[in-house]
Amino acid sequence: MVITVMSIALAGAQNEIYSAVSPEKVNLALRRTADKLLRLSGDSTSRIPAVEQKNASTWRVLLQQPFSYDQLPALLQESLDLYNIRTPYEVKVRRYGDETIDLGYHQVDFSDGKEVPCQSREMDETSHYIEISFLQNEAAIPSPVQAENPLMTWKSWIMILLPFGIISFWFFRRKKTKPNDTVNIAASKETEWLEFGNSRLDVAGQILDCGGTKQSLTFRETKLLKLFASNPDQLLERDFILQQVWADEGIMVGRSVDVFVSRLRKKLSTDTSLGIVAVHGVGYRMETGKAAQNVAASA
């Protein structure tokens, strides 16, 4: 378990340093790169088309004007750093129309030597897509700022060690738990019964124990019986019963009360100490101390 927690913490630390790829951030980074390339080529007015997302890991932007491929790697990396995108990537410059790859490079080419393949080579003046594909399965490459910043390392270690310390504290505290504490915890989880007459109701388990005979109740039967058992010898108006038991259905039918009361009477028939009686035109009352024949007479 500790190993699992440490793995999660390590992943969290890496995620803090190398942020996940966000479509919105990639969009902004590509648009910024396209704008910089056009401005450096003397074009400050042409419209930049919308950035397209080809699939889950690939985005591209179309430049319909000539641009300098030599300036692309540094400008793109600068834009990605600005939006804190650290996932490894590869770049393809595709010809508009047939999508032939004219130029391209891997991030490693730029990060290692600041030079990429095909730099200083001529590009034709047709429109091109600048396409970036993120490589999720490769190790992220930190930016120079992060590589030189020791605080990044300290923050990572804190995120790793803090959960480990919490787990260790919990483990040793658990070992010191007294046997009596365990007994008390187990006792607190015992079923809580609502008692009435010679019967009792397990509300959570929806079980009726009537004179030692246990019966399963439906959710609605349990709610109705709990309402009667919690208000013994009290007249409960029909509208009040409907609100308490059937309000969550949205549609309330008065006849439902009569049907469910009939069901409960049958299930409680062996308990002669109580009965659910109808008060004509008003509602129902659970009376205690009633004989079985009185319950039958009121049915």
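None of these values were measured; they are calculated from a predicted model. (Residues numbered from 1 in each chain as written. Predicted model: local features only at pLDDT ≥ 70, side-chain atom pairs only at ≥ 80, totals over all residues. Heavy atoms only, no water.)

A.B. asks: Any chance you could explain the pattern of salt bridges here in plain terms?
C.D. replies: A side chain of one charge can pair with a side chain of the opposite charge if their charged atoms are brought near each other. Evaluation of the coordinates by the stated rule reveals 13 salt bridges. With a shortest N-O distance of 3.3 Å, Arg60 and Glu52 are connected by a salt bridge. Classification of Arg60 as buried rests on a relative accessible area of 8%. Using a relative accessible area of 33% as the deciding quantity, one classes Glu52 as partly exposed. When the shortest N-O distance is used, the salt bridge between Glu131 and Lys54 registers 3.2 Å. With a gap of 77 residues between them, Glu131 in strand β5 (residues 128-134) and Lys54 in strand β1 (residues 52-55) connect regions that are remote in the sequence. When its relative accessible area of 2% is taken as the criterion, Glu131 is described as buried. Accessibility expressed as a relative area gives 38% for Lys54, which makes it partly exposed. Here the residues in one salt-bridge network are Glu52, Arg60 and Glu99, joined through shared partners. (Salt bridge = Lys/Arg side-chain N within 4 Å of Asp/Glu carboxyl O. Buried < 20%, exposed > 50% of the residue type's maximum accessible area, 1.4 Å probe, protein only. Helix = DSSP H or I, 4+ residues; strand = E, 2+ residues; numbered from the N terminus.)

A.B. asks: Help me out: how do you make sense of the nonpolar core in this one?
C.D. replies: Within the largest apolar cluster, 28 residues are counted, with the highest numbers of intra-cluster contacts made by Leu72 and Leu76. Where this core is concerned, the elements lending two or more residues are α2 (23-40), β2 (58-63), α3 (72-82), β3 (89-95), β4 (101-106) and β5. It is α2 that provides the largest number of residues to this core, a total of six residues. Setting aside anything within four residues of it in sequence, one finds Leu76 in contact with Leu30, Thr33, Tyr89, Val91, Tyr105 and Ile132. If you look at the next biggest cluster of nonpolar residues, it comprises 24 residues, including Leu208, Ala229, Val245 and Leu264. (Core = buried A, V, L, I, M, F, W, Y, C linked by side-chain atoms within 4.5 Å. Contact = heavy atoms within 4.5 Å.)

A.B. asks: Could you clarify how one ought to interpret the packing of helix α8 (residues 219-230) against helix α9 (residues 238-246) in this entry?
C.D. replies: The angle between the axes and the distance between the axes are what describe a pair of packed helices. For the pair α8 and α9, the least separation of the axes is 9 Å and the interaxial angle reads 130°. The angle between the axes of α8 and α9 places the two elements in the oblique class. The way α8 lies across α9 gives a crossing that is right-handed. Together, Arg220, Lys223, Leu224, Leu227 and Phe228 of α8 and Phe240, Ile241, Gln244, Val245 and Trp246 of α9 make up the contact between the two elements. By residue class, the composition of the contact of α8 with α9 is seven nonpolar, one polar and two charged. (Axes fitted to C-alpha atoms, helices over the stretch in contact; angles between N-to-C directions. Parallel < 35°, antiparallel > 145°, perpendicular 65-115°, else oblique. Left-handed = near helix turned anticlockwise from the far one by under 90°. Nonpolar A, V, L, I, M, F, W, Y, C, P; charged D, E, K, R; others polar.)

A.B. asks: Hey, could you run me through the environment of Asp35 in this one?
C.D. replies: Note on placement: Asp35 falls in helix α2. Here Asp35 falls in the partly exposed class, since its relative accessible area comes to 27%. Counting along the chain gives 28 residues from Asp35 to Leu63, while the straight-line C-alpha distance between them is 9.5 Å.

A.B. asks: Before we go on, may I ask you to explain the packing of aromatic side chains in this structure?
C.D. replies: Centre-to-centre distance and the angle between the planes together describe a pair of aromatic rings. Scanning the entire structure with this criterion turns up four aromatic pairs. Taken together through their ring pairs, the aromatic side chains of Trp59, Tyr89 and Phe134 make up a single cluster. Geometry around Tyr129 places Arg60 over its ring, the cationic atom sitting 3.8 Å from the centre. (Phe/Tyr/Trp six-rings, centres within 6.5 Å; stacked < 30°, edge-to-face > 60°. Lys NZ or Arg CZ within 6 Å of the ring centre and 35° of its normal.)

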